[in-house]
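As a plain string of letters, each chain reads:
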Protein chains: 2
Amino acid sequence: MSRKRWRSVKEIRIADVARLAGVSTATVSRVLSDPDKVRKKTHDLVMEAVRRSGYIPNSTAQKLRTRRTMNVLVVAPRLTNPVFAEVLRGVDDELTESGYGIIIGNLDNRREREARYVDLALSRQVDGVLLLTGYIPGNGRRSMKEAGLPIVGMCAAIDDRSIPNVVVQDRESARRAVEYLVRLGHRRLGYISGTIGSIIETERYAGFCEGIAEAGLGAADFVRWEGPFVFSTGVAAAEGFLQMKERPTGIFAACDESAIGFIKRVRAERIRVPQDVSVIGFDGIEFADYTEPALTTFRQPLYELGRTGADVLMRMIGGEMRPEDWSIRLEPTLLERGTTGPVLHKDFASLRRSRM
Amino acid sequence: MSRKRWRSVKEIRIADVARLAGVSTATVSRVLSDPDKVRKKTHDLVMEAVRRSGYIPNSTAQKLRTRRTMNVLVVAPRLTNPVFAEVLRGVDDELTESGYGIIIGNLDNRREREARYVDLALSRQVDGVLLLTGYIPGNGRRSMKEAGLPIVGMCAAIDDRSIPNVVVQDRESARRAVEYLVRLGHRRLGYISGTIGSIIETERYAGFCEGIAEAGLGAADFVRWEGPFVFSTGVAAAEGFLQMKERPTGIFAACDESAIGFIKRVRAERIRVPQDVSVIGFDGIEFADYTEPALTTFRQPLYELGRTGADVLMRMIGGEMRPEDWSIRLEPTLLERGTTGPVLHKDFASLRRSRM
DNA sequence: TCGATTTTTGTAATCGATTACATCTTGAGG
DNA sequence: CCTCAAGATGTAATCGATTACAAAAATCGA
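Residues numbered from 1 in each chain as written. Chains lettered and ligands numbered in written order. Predicted model: local features only at pLDDT ≥ 70, side-chain atom pairs only at ≥ 80, totals over all residues. Heavy atoms only, no water.

Trainee: Got a sec to walk through the overall build of chain A? Specific residues and values, please.
Mentor: Assigned secondary structure in chain A consists of 13 helices and 12 strands. C-alpha atoms of chain A, sized along the principal axes, occupy 95 × 55 × 35 Å. For chain A, the residues scored as buried account for 56% of the 356 residues in total. Pairs at least 24 apart in sequence give 70% of the contacts found in chain A among residues at least 6 apart. (Helix = DSSP H or I, 4+ residues; strand = E, 2+ residues; numbered from the N terminus. Buried < 20%, exposed > 50% of the residue type's maximum accessible area, 1.4 Å probe, protein only. Contact = heavy atoms within 4.5 Å.)

Trainee: I'd like a rundown of the protein's contact with DNA strand D, residues and numbers included.
Mentor: The environment of DNA strand D is made up of 27 residues, and the closest members are Ile-14, Ser-29 and Arg-65 of chain A together with Thr-42 and Arg-67 of chain B. Near the protein, meaning within 4 Å, the atoms of DNA strand D are sugar or phosphate in a fraction of 65%, with bases accounting for the rest. The contact in question runs from a phosphate oxygen of DNA strand D to an N or O atom on the side chain of Tyr-55 of chain A, over 2.8 Å. Within the side chain of Arg-67 of chain B, a nitrogen or oxygen atom sits 2.7 Å from a phosphate oxygen of DNA strand D. At the level of secondary structure, the elements contributing two or more residues to the surface near DNA strand D comprise α2 (25–33) and α4 (59–66) of chain A together with α2 (25–33) and α4 (59–66) of chain B. A total of five residues in the surface near DNA strand D trace back to one element, the largest contributor, which is α4 of chain A. (Near = heavy atom within 4 Å. Polar contact = N/O pair within 3.5 Å; in protein donor to acceptor, adjacent residues only side chain to side chain.)

Trainee: Could you give me a rundown of the environment of Ser-193 of chain B, with the residues and numbers involved?
Mentor: Residue and element names in this part refer to chain B. As for its placement among the helices and strands, Ser-193 is situated in the loop between β6 (189–192) and α9 (199–214). Sequence separation between Ser-193 and Thr-69 is 124 residues, and the spatial gap between their C-alpha atoms is 40 Å. With near-sequence residues (within four places) excluded, Ser-193 lies in contact with Glu-201, Arg-224, Trp-225, Glu-226, Gly-227, Pro-228, Thr-233 and Ala-254.

Trainee: Describe in detail the packing of helix α1 (residues 14–21) of chain B against helix α3 (residues 40–53) of chain B, supporting the description with residues and values.
Mentor: The relative placement of two packed helices is expressed as an angle between their axes plus a distance between the axes. Residues and elements named next belong to chain B. Running from N to C, α1 and α3 point in directions that differ by 125°, and their axes come no closer than 9 Å. The orientation of α1 relative to α3 falls into the category oblique. Judged by the sense of rotation from one axis to the other, the crossing of α1 with α3 is right-handed. From α1, Val-17, Leu-20 and Ala-21 reach across to α3, where they touch Leu-45, Val-46, Ala-49, Val-50, Arg-52 and Ser-53. Within the contact of α1 with α3, the residues separate by chemical class into seven nonpolar, one polar and one charged. (Axes fitted to C-alpha atoms, helices over the stretch in contact; angles between N-to-C directions. Parallel < 35°, antiparallel > 145°, perpendicular 65-115°, else oblique. Left-handed = near helix turned anticlockwise from the far one by under 90°. Nonpolar A, V, L, I, M, F, W, Y, C, P; charged D, E, K, R; others polar.)

Trainee: Now, about the protein's contact with DNA strand C: what can you tell me, with residues and values included?
Mentor: Around DNA strand C, the structure places 23 residues, and the nearest of them are Thr-27 and Thr-42 of chain A together with Ile-14, Ser-29 and Arg-65 of chain B. Taking all atoms of DNA strand C within 4 Å of the protein, the share assigned to sugar and phosphate is 64%. With respect to DNA strand C, the backbone of Ser-24 of chain A contributes an N or O atom lying 2.9 Å from a phosphate oxygen. Taking Arg-65 of chain B, its side chain carries an N or O atom lying 2.4 Å from a base oxygen of DNA strand C.

Trainee: Requested: an account of the packing of aromatic side chains, with residues and values cited.
Mentor: For any pair of aromatic rings, the description consists of the separation of the ring centres together with the inter-plane angle of the planes. The full count for this structure, using the stated rule, is 29 aromatic pairs over all chains. Between Phe-252 of chain A and Phe-282 of chain A, the ring centres sit 6.2 Å apart and the planes meet at 80°, which makes this aromatic pair edge-to-face. Here the residue Phe-252 of chain A occupies a position in strand β8 (residues 250–253), and Phe-282 of chain A occupies one in strand β9 (residues 278–283), the gap between them amounting to 30 residues. Grouping residues by exposure puts Phe-252 of chain A and Phe-282 of chain A together as buried. With centroids separated by 6.4 Å and ring planes inclined at 40°, the aromatic side chains of Trp-225 of chain B and Phe-262 of chain B adopt a geometry described as tilted. (Phe/Tyr/Trp six-rings, centres within 6.5 Å; stacked < 30°, edge-to-face > 60°.)

Trainee: Give me the domain arrangement of chain A: which residues, what numbers.
Mentor: Domain parsing of chain A yields domain 1 (1–46), domain 2 (69–168 + 302–331) and domain 3 (170–300 + 335–353). Here the C-alpha centroids of domain 1 of chain A and domain 3 of chain A sit 62 Å apart. (Domains from an automatic or database assignment.)

Trainee: Tell me about the relation of the copies chain A and chain B, and please be specific about residues and values.
Mentor: Of the transformation placing chain A onto chain B, the axial shift is 0.1 Å and the rotation is 180°, giving an RMSD of 0.2 Å. On this basis, the relationship between the two copies can be described by a two-fold rotation axis. The rotation axis passes nearest to the C-alpha of Ile-103 of chain A in chain A, at a distance of 2.3 Å. A share of 100% of the interface residues of chain A reappears at the interface of chain B, consistent with the copies meeting face to face through the same patch. (Least-squares fit on C-alpha atoms with pLDDT ≥ 70 in both.)

Trainee: Lay out the side chain of Glu-11 of chain B in plain terms, naming residues and giving numbers.
Mentor: Within the secondary structure, Glu-11 of chain B sits in the segment before α1. In terms of polar contacts, Glu-11 of chain B uses its side chain to reach the side chain of Arg-124 of chain A, at 3.2 Å. Ignoring any residue separated from it by four or fewer positions in sequence, one finds Glu-11 of chain B in contact with Arg-67 and Arg-124 of chain A together with Asp-16 of chain B.

Trainee: Give a description of α4 of chain A that names residues and reports values.
Mentor: Residue and element names in this part refer to chain A. If you check which residues of α4 are buried, you get Ser-59, Thr-60 and Lys-63. One face of α4 carries all of its buried residues, which in axial projection span an arc of 105°. For α4, the side-chain oxygen to backbone nitrogen distance between the N-cap and Thr-60 is 2.8 Å, and the N-cap itself is Asn-58. Within two residues after α4, Arg-67 carries a phi angle of roughly 60°, on the positive side. (Arc of directions from axis to C-beta.)

Trainee: A description of the confidence of the model for chain A should follow, citing residues and the corresponding values.
Mentor: Any segment with low pLDDT has predicted coordinates that should not be analysed in fine detail. All names here are of chain A. Overall, the predicted model of chain A reaches an average pLDDT of 89, with 91% of residues at or above 70. Contacts for the low-pLDDT stretch residues 1–8, under 50 throughout, to residues beyond four places or in other chains number 22 contacts. The low-confidence segment residues 346–356, where pLDDT is below 50, has 15 contacts with residues more than four positions distant or belonging to other chains. (pLDDT = per-residue confidence, 0-100.)

Trainee: Describe the sheet that holds strand β9 (residues 278–283) of chain B, listing the residues and the values that go with them.
Mentor: All names here are of chain B. Read from one edge to the other, the open sheet built from six strands follows the order β7-β6-β8-β9-β10-β12, with strand pairing classed as mixed. Looking at which strands have only one partner, the edges of the open sheet turn out to be β7 (222–225) and β12 (333–335). Averaged over all pairs of adjacent strands, the angle between strand axes in this sheet comes to 20°, irrespective of strand direction. Bridge analysis of strand β10 (residues 296–299) against β12 gives three bridges, and the strand direction is antiparallel. Among the inter-strand pairings, Arg-299 is bridged to a residue of β12, identified as Thr-333. Running over the sheet, α9 touches β6, β7, β8 (250–253) and β9 and is turned about 170° from β6. (Pairing = 2+ DSSP bridges.)

Trainee: Run through the UniProt feature "domain: HTH lacI-type" (unreviewed entry) in chain A, naming residues and quoting values.
Mentor: The feature "domain: HTH lacI-type" (unreviewed entry), as annotated in UniProt, sits at residues 12–66 of chain A in this numbering. Structurally, residues 12–66 of chain A comprises 71% helix and 0% strand, and the distance from its first C-alpha atom to its last is 20 Å. (UniProt positions renumbered as here; feature names shortened; annotations may be inferred.)

Trainee: Let's hear about the pattern of salt bridges: which residues, and what values?
Mentor: Residue and element names in this part refer to chain B. In the structure shown here, the tally under the stated rule is 71 salt bridges over all chains. Here Glu-179 makes a salt bridge to Arg-183, at a shortest N to O gap of 4.0 Å. Of this pair, Glu-179 and Arg-183 both sit in helix α8 (residues 170–183), four residues apart, which is roughly one turn of that helix. (Salt bridge = Lys/Arg side-chain N within 4 Å of Asp/Glu carboxyl O.)

Trainee: Which residues make up the sheet that holds strand β7 (residues 222–225) of chain A, and what values do they have?
Mentor: All names here are of chain A. Taken in spatial order, the six strands line up as β7-β6-β8-β9-β10-β12 in an open sheet, and their pairing is mixed. At either end of the open sheet lies a strand with only one pairing partner, and these are β7 and β12 (333–335). Pairs of neighbouring strands in the sheet enclose a mean axial angle of 20°, with direction left out of account. The pairing of β8 with β9 spans three bridges and is parallel. Paired with Ile-251 across the two strands is Val-279, which belongs to β9.

Trainee: Tell me about the pairing of strand β11 (residues 327–330) of chain B, and please be specific about residues and values.
Mentor: Residues and elements named next belong to chain B. Across the two faces of β11 the burial differs, with Ile-328 and Leu-330 buried and Ser-327 and Arg-329 not buried at all. With four bridges connecting them, strand β5 (residues 165–168) and β11 associate as parallel partners. Counterpart to Val-167 in the pairing with β11 is Arg-329.

Put into structure tokens, the structure is as follows:
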């Protein structure tokens with residue numbers, strides 16, 4: 001039982017430094033925060049005392065007095081998702097430059113966790129909130145807003161017009177994905193969803209449907225498989241695919257992971273990609289560069305998204321929002337690579353012309 | 001110029017609640033933290049006032065007074081690395097259960113960032129520190145320890161015997177990887193490194209060398225390629241590999257990413273895995289399940305590592321360390337999958353027997 | 001050198017909770 | 001009904017900084 005009391009070592013306070021330097025605490029504070037306000041000589045005296053004592057201000061006391069925590073809460077649906085990790089990197093870089101820290105709010109796809117982070121925000125542990133998720137429900141957001149907390153949404157079309165939103169054009173890009181598949185000759189499509197109920201999924205599916213409509217196709221021309229944003233969703237979709245008699249020839253997956261899972265599974269049954277079935281993903285995770293062949297996908301400007309969102313939040317906190325910050329949309333770029341190609345023998349039209 | 005002052009809305013204080021309920025602030029405080037200490041009737045009275053006013057305690061004030069921040073700093077070398085993301089998930093689950101929050105210290109592989117997080121810790125913004133990295137240098141760690149801050153290392157063999165360490169058996173597993181390749185008949189090996197100077201790399205390479213020695217091989221029997229823990233390191237290694245006349249037949253990569261990068265590149269040159277070259281990775285990231293064939297690798301118990309480390313830290317903070325918490329080693333498991341196999345034609349011995 | 005002005009420094013209030021200690025209630029037992 | 005212990009509540013100090021305001025010191029021009 002090696003019981004041992006941690007903490008409670010020395011703890012140097014500003015008063016100690018003041019005594020050591022023979023000045024008042026006010027002067028020490030000024031030296032540290034606004035050096036121009038004190039005489040050079042006093043400044044040096046105090047700094048020497050600070051150095052000698054190894055004083056570091058207690059930031060909790062600072063926070064209480066100044067009412068600024070220099071922390072931001074970042075709520076993300078799931079940390080291990082590389083998409084969010086990359087956004088977070090952008091956020092981190094931007095915030096660090098402004099001297100802000102990140103408190104992580106990881107929902108890990110569990111809604112019960114929302115409340116915890118709403119409370120955390122409301123108990124003034126942070127100066128602002130970055131929502132990488134649509135999960136925090138309306139009333140949570142509302143109470144944060146009522147508390148005067150700056151919030152920036154970074155999730156496709158959070159349905160709340162009253163908070164600034166920095167997003168990637170999910171819907172429009174999903175529409176373009178369909179357009180792209182149709183241009184390659186695909187007429188029977190498949191849609192692999194993301195987490196049902198998530199806004200990202202909703203947007204992407206809406207875009208998919210727009211694309212279907214624009215191509216003059218209808219509900220009978222595509223099949224939809226559901227599941228969360230993970231590899232195994234693609235595998236499950238593949239199982240469904242394999243059991244169909246008239247299989248789709250073009251698959252749009254709402255995320256790269258499921259696209260990859262799908263491909264892996266159908267390959268095991270000797271179905272070739274893209275000859276037998278074309279697959280397009282979404283997100284452009286690094287991993288998608290290393291599948292064979294490399295996955296065709298929409299690459300989102302994730303890092304930039306993170307930086308931009310954080311920048312807007314910093315502006316809100318600083319009280320200087322510009323109207324053009326209110327709603328920012330970034331555009332993904334289509335990476336045409338190896339998993340998509342023109343329709344071959346499996347398509348009706350082609351069948352008529354050439355067999356196999 | 002939509003300038004607008006955020007924050008500064010209502011701000012309900014404990015005094016407001018007290019007035020509303022007709023009691024003192026002390027009583028309100030007690031109701032909220034230690035309900036058994038007050039009479040039922042007063043309790044209800046106060047709770048009603050809390051509800052009506054929507055009071056939420058200012059956690060900064062609480063922290064100052066109680067000298068507990070209920071936050072932990074987690075320093076990681078790089079967020080986008082799925083390995084750390086997974087560890088972080090374990091940490092998060094454990095800490096959340098104890099009511100602790102996470103402040104993220106992302107070094108993003110840049111050493112300059114260390115200082116920032118040491119300061120953050122020393123300014124008492126957190127009650128403890130979890131080091132997922134060996135980067136924080138000795139003097140940083142020392143000052144944190146002197147400040148009485150509980151620290152737990154979660155990085156292979158942080159060279160500091162004075163802080164508890166929860167680690168995965170990197171070295172031993174690397175040794176076993178070599179043993180495994182040798183058992184398959186491989187005599188010419190390749191080693192793809194991780195970030196030079198990182199402790200993880202150092203350990204894994206040491207284990208690799210141990211394995212080489214145990215197999216009765218020497219420095220002439222393997223080649224080493226260097227680079228950070230990323231996909232492209234494997235690609236670069238493959239370039240080197242391709243230019244050799246007598247190529248290794250068994251490759252150990254210090255991380256799955258570089259193993260995958262390697263495979264992707266050599267495949268492009270029609271080299272078959274595992275027939276022409278066996279590849280074994282390290283980490284067992286989820287992605288490695290979805291390559292074709294699935295990557296042979298050592299899967300680290302990352303989630304468990306995170307939970308355990310966080311648990312030990314909680315113990316330290318609570319002042320109840322057990323001796324067996326001091327140093328914990330978790331064991332990775334070998335996943336024998338599709339990228340390794342017995343030596344075929346490329347090996348000297350085999351060549352003698354059968355051509356091609 | 002003096003007074004007015006500016007610059008520098010100090011005093012003490014403040015941020016919003018917790019909690020030691022004092023005081024007042026309550027209820028049991030005589 | 002009274003006493004006394006136990007329990008409930010209130011008062012005020014405290015955590016460690018920042019900062020408004022007051023006071024002191026330095027600077028300047030005449």
